[in-house]
Every structure is written in structure tokens, then in C-alpha cells.
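Summary of the model geometry
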Amino acid sequence: MMASLKSWFYGLQPRERWIAAIGIVVAILIVLWGALIPLFDQTAALRTAVETKQRLAVDVSRIEGVQPSGVAATRQGADQSLLVIINSTAASHGLGNPRTRADGPNKMDVTLQGASFDSIVAWLVSLHSGYGIDVESASFSGARQPGLVNGQVSLRRL
């Protein structure tokens, strides 16, 4: 079979041989492209998944180191609702009475208007260290006066 293919190829005119050779190379490249690109995409997806899981493992180990089991029950305000804790601590940090919206039993969205950024940071640190309430997401924009911000903070009780 190989000999007949070879004799067929060399029986072609030089111009036809060039066209056939280019066609064979293009066909090989298409097959390789079709086989290798999905492999490269899958490899990249797996690499990203591994990196994400490694970051998650680091975060979990950090949380376990900071908050041993059973600490949540002994935290300050464990018997108070999230709304009461947020309103009382916000007032004590000079943030007034922020607008709040419950997002489940352990999550609260808080909107602050014209608040001191330094006071917000101190308040968030106080919530984390004293009550086990962490920031899940936050977004701030500058207010008209320097040092004041408007923002949205999503808080979650651990």
C-alpha cells in the first residue's frame, strides 16, 4: 500500500505534488489543532481549579487558626440579632443608624452615607474581632467632603 501511494505521489506533475504536499500539511495541522487545543484548554481549566482550591485551603486553615471550634458561642453578642449588633456598634463608632437589609439569618447588607472612612474601618475591625462578623463584600465611593465615603457593605456572621 505504501509503495502504491509513493508511486502515485511521484506520478503526479510537480505542481500537483506541491498542492498535495500542502494539502497533507494543512490536514495534519487541522487534526493536531482539533486534538491539542481542547487539551490545552482543559489543562488551563484544571490549573485554575487547583489554584482556586489551594487558595480556599489556605483560607480555611487561616480561619481555623483564628477561630477554633466553639468560639462562636462564646463571642460577644451571640444571643443578639445581627441587626441589633450592627446598629449598636455603628452608633458607638459615630456612623449613626445605617440603612440595613437582611439577606438571610446570618447576612446583612449595610448602606452608609457620608461616613468617615476611618470610622468604618474601625467599626468593621470591631465587628470581626468582637462579634465574629466578617465583611463578605464592600464597595465605597468618595463623598463630597474629604475623608467621607458612601458605601455598601455586605456582612456575614461566622
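Here is a short report on the structure shown in this document. (Residues numbered from 1 in each chain as written. Predicted model: local features only at pLDDT ≥ 70, side-chain atom pairs only at ≥ 80, totals over all residues. Heavy atoms only, no water.)

Our next topic: the overall build of the chain. Of regular secondary structure, the chain possesses 5 helices and 4 strands. Ordered by position from the N terminus, the helices and strands of the chain form the series α-α-α-α-β-β-α-β-β. Here the chain has a C-alpha radius of gyration of 31 Å; the compact-globule value for 158 residues is 15 Å, and the former is much larger. When each of the 158 residues of the chain is scored for burial, the buried share is 22%. Of all intrachain contacts in the chain linking residues separated by at least 6 positions in sequence, the fraction that spans at least 24 positions is 55%. Here the chain displays about 11100 Å² of accessible surface, and carbon together with sulfur accounts for 63% of that area. (Helix = DSSP H or I, 4+ residues; strand = E, 2+ residues; numbered from the N terminus. Rg over C-alpha atoms; globule rule 2.2 N^0.38 Å. Buried < 20%, exposed > 50% of the residue type's maximum accessible area, 1.4 Å probe, protein only. Contact = heavy atoms within 4.5 Å. Areas by Shrake-Rupley, 256 points an atom, 1.4 Å probe, with all protein chains shown as cover.)

Take the pattern of salt bridges next. Taken as a whole, this structure holds 4 salt bridges when the rule is applied. Across the salt bridge formed by D109 and R101, the nearest N and O atoms sit 2.6 Å from each other. For R156, the salt bridge identified is with E136, shortest N-O distance 2.6 Å. Linking R156 in strand β4 (residues 148-157) with E136 in strand β3 (residues 133-142), this pair joins segments that are 20 residues apart in sequence. R156 gets classed as partly exposed once you look at its relative accessible area, which sits at 35%. Judged by its relative accessible area of 40%, E136 falls in the partly exposed class. (Salt bridge = Lys/Arg side-chain N within 4 Å of Asp/Glu carboxyl O.)

A cluster of nonpolar side chains, namely I24, I28, L32, L36, L39 and F40, defines an oily patch on the protein surface of about 580 Å² accessible area. Here L36 shows up in helix α2 (residues 14-66). (Patch = residues over 30% accessible without salt bridge, like charges linked within 9 Å, V, L, I, M, F, W, Y side chains within 5 Å.)

The next point concerns helix α5 (residues 117-131). Across its 15 residues, α5 extends 20 Å between first and last C-alpha, which sits within 8% of the 21 Å expected from 1.5 Å per residue. Residues S119, I120, W123, L124, L127, G130 and Y131 constitute the buried set of α5. One side of α5 holds all its buried residues, which, seen down the axis, span an arc of 155°. Among the exposed residues of α5, those pointing more than 90 degrees away from its buried face are D118, V125 and S129. The first or second residue beyond α5 is G132, which carries a positive phi of 70°. (Expected span 1.5 Å × (residues − 1). Arc of directions from axis to C-beta.)

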